[in-house]
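# Summary of the model geometry
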Amino acid sequence: MFIIYFSINKIFEQERGKRKKGKGKRKIVGCVLRTAKTNALAKPFNRSTVRPFNQKMTDNYIELIKSFTKDDYENNVNLHIHSTFSDGGVNVNELVEQAKKKGLKYIAICDHNTLNAYLQTDLLKEEIVIPAIEFDCWFGTVFLHMLGYGVDVNNKDLQKLCAKTKRGTEADWVRIFSFKHPRTVINAIHNAGGIAVLAHPACCFTPTGLDRLVKNLVKLGLDGIEVYYPYTRHRRIVKFHSVHAVEKIGKKYNLIMTGGTDEHGSLE
Ligand SMILES: [Zn+2]
Ligand SMILES: [Zn+2]
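Because the structure is predicted, anything quoted here is derived from the model rather than measured. (Residues numbered from 1 in each chain as written. Chains lettered and ligands numbered in written order. Predicted model: local features only at pLDDT ≥ 70, side-chain atom pairs only at ≥ 80, totals over all residues.)

## Comments concerning the overall build of the protein chain
Put simply, the rule reads: Numbering goes from the N terminus for both helices and strands, where a helix is a DSSP run of H or I of at least four residues and a strand is a run of E of at least two. Using C-beta atoms placed from the backbone, we call a residue buried if 20 or more other C-beta atoms fall within 10 Å of its own, exposed if 12 or fewer do, and partly exposed for counts in between. Distance between backbone-placed C-beta atoms decides contact: two residues are in contact if it is within 7 Å.
Tallying secondary structure elements over the protein chain gives eleven helices and seven strands in all. Burial analysis of the protein chain (268 residues in total) assigns 45% to the buried set. Put simply, 77% of the contacts in the protein chain that link residues at least 6 apart link residues at least 24 apart.

If you want it as structure tokens, here you go:
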């Protein structure tokens, strides 16, 4: 398993390397969304109604995410972006500027195993930003990524799950040994007022099938699944399931369907 994983990650690294050098800069929209029409956000959202983070739940972020449609993810929402606080190539200020320039209405910067983008900058003052994080987990033999959206970034239990070193936010060989269970991660995300979303599931190597994996994660409290994701251009070599299959499973288990490009470089 480890051998397989490491060879896969070698490929990931090469792909990322290419992107960082500016060769494969991707547009915001994945190929799965190409045919969708332009539209405005499904519901207007008043940021001033978001509860402050010292309150227990950040329901309004959750309601906001629930209101996003496939078209939103194509045109004006990207809920999966990495910054230099993990293994992204662009800092948070530049990312926000690029997103605004591009006309995005909402973005989520979800660095690997760290909330430092929110704790060490003024990122949350930006109206377009939804607080987020992406954790590495092991569920039996399956290595997966769990996104947490709308979380209270000051929540101590969530912070305890974060990487203690910078390497734990970027180096794959360090991250794979973190051995966090999805139950722990999902509970921590919920306790921090957020929703837990399975990241890029078509990239999950699931010997017993994706449906079964999702079903078991739903039992642990999974809220959503990342459907709108540019699988054919990003990590295309390790696509184990079709986007259609992912969408079908999302509907079957009544999950919130999210989208983002998993950008590790520039949004431009
Ligand atoms: Zn990921
Ligand atoms: Zn990611």
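Additional details are given in the paragraphs that follow.
## Let's talk about the pairing of strand S6 (residues 224–228)
Looking along a regular strand, one sees the side chains alternate between the two faces of the sheet. For clarity, the cut-off: Any two strands between which DSSP finds at least two bridges are classified as paired. Clockwise travel from the first strand over the helix to the second, with the strands pointing away from the viewer, marks a crossover as right-handed.
Of all the five residues making up S6, five are buried; the element is thus mostly covered by neighbouring parts of the structure. Pairing between strand S5 (residues 195–198) and S6: two bridges, direction parallel. Within S6, the position partnered with valine 197 by the bridge is glycine 224. Read from S5 through helix H10 (residues 210–219) to S6, the crossover connection turns out right-handed. As paired strands, S6 and strand S7 (residues 256–259) are joined by four bridges and run parallel to one another.

## Remarks on the pairing of strand S2 (residues 106–109)
Going residue by residue along S2, you find Tyr106 and Ala108 tucked away on one face and Ile107 and Ile109 tucked away on the opposite face as well. Across three bridges, strand S1 (residues 77–81) lies against S2 in parallel orientation. Across the sheet, residue asparagine 78 finds its bridge partner in S2, namely isoleucine 107. Taking the sense of rotation as the criterion, the β-α-β connection linking S1, helix H4 (residues 92–101) and S2 turns out right-handed.

## Here we look at the sheet that holds S7
As a general point, the strands of a sheet are linked pairwise by backbone hydrogen bonds and lie either parallel or antiparallel. Let me state the cut-off plainly: Axis definition: a line fit to C-alpha positions, over the contact stretch in the case of helices; interaxial angles, taken between N-to-C directions, run 0 to 180 degrees.
One open sheet holds the five strands; their spatial order is S3-S4-S5-S6-S7, and the pairing between them is mixed. Strands with a single pairing partner mark the edges of an open sheet, and in this sheet they are strand S3 (132–139) and S7. Neighbour-to-neighbour, the strand axes of this sheet turn through a mean angle of 40 degrees, independent of strand direction. The sheet strands contacting helix H9 (residues 182–191) are S3, strand S4 (142–149) and S5, and the helix crosses S5 at an angle near 140 degrees. Helix-sheet contacts for helix H11 (residues 243–252) involve S6 and S7, and the interaxial angle to S6 is about 145 degrees.

## Some points on H4
So the rule is basically this: Note that the arc is defined by the directions from the helix axis to the C-beta atoms.
For H4, the full list of buried residues reads Val92, Leu95, Val96 and Ala99. The buried residues of H4 occupy an angular sector of 100 degrees when projected down its axis, which confines them to one face. Here the buried face of H4 lies against S1, S2 and helix H5 (116–119). Two residues or fewer past H4, glycine 103 is found with a positive phi of approximately 85 degrees.

## A look at the nonpolar core
Convention followed: Remark: nonpolar core denotes a set of buried Ala, Val, Leu, Ile, Met, Phe, Trp, Tyr and Cys residues whose joining runs through C-beta atoms within 7 Å.
Counting 68 residues, the largest nonpolar core has Ile109, Met146 and Tyr149 as its most contacted members. With residues up to four places along the chain from it excluded, the contact list for tyrosine 149 reads Tyr61, Ile65, Leu79, Ala108, Ile130, Ala132, Gly194, Ile195 and Val197.

## A look at unusual backbone geometry
Unusually for a residue other than glycine, asparagine 113 sits at a positive phi of about 55 degrees. Within the secondary structure, asparagine 113 sits in the loop between S2 and H5. Classification of asparagine 113 by C-beta neighbours within 10 Å gives buried; the count is 22. Located in the positive-phi region is asparagine 254, a residue other than glycine, with phi close to 55 degrees.

## Description of the environment of glycine 221
Note on placement: glycine 221 falls in the loop between H10 and S6. Overall, glycine 221 belongs to the partly exposed group, with 15 C-beta atoms counted inside 10 Å. Through-space distance from the C-alpha of glycine 221 to that of asparagine 187 is 7.8 Å; in sequence the pair is 34 residues apart. Those residues in contact with glycine 221 that lie beyond four places of it in its chain are Ile186, His190 and Ala196.

## Let's talk about H10
Residue pairs three or four apart in sequence face the same way in an α-helix, which turns once every 3.6 residues. Within the span of H10, buried status applies to Leu210, Leu213, Val214 and Leu217. For H10, the arc enclosing every buried residue in end-on projection is 95 degrees, short of the 170-degree limit, so these residues lie on one face. Opposite the packed face of H10, turned more than 90 degrees from it, sit the exposed residues Arg212 and Lys219. Phi turns positive, to about 110 degrees, at glycine 221, one or two residues after H10.

## Quick look at the environment of isoleucine 65
As for its position among the elements, isoleucine 65 is in helix H2 (residues 59–67). The class of isoleucine 65 is buried, set by 25 C-beta atoms lying within 10 Å. Spatially, the C-alpha atom of isoleucine 65 lies 8.1 Å from that of isoleucine 256, the residues being 191 residues apart in sequence. Not counting chain neighbours up to four residues away, the residues in contact with isoleucine 65 comprise Tyr149, Gly150, Ile195, Ile256 and Thr258.

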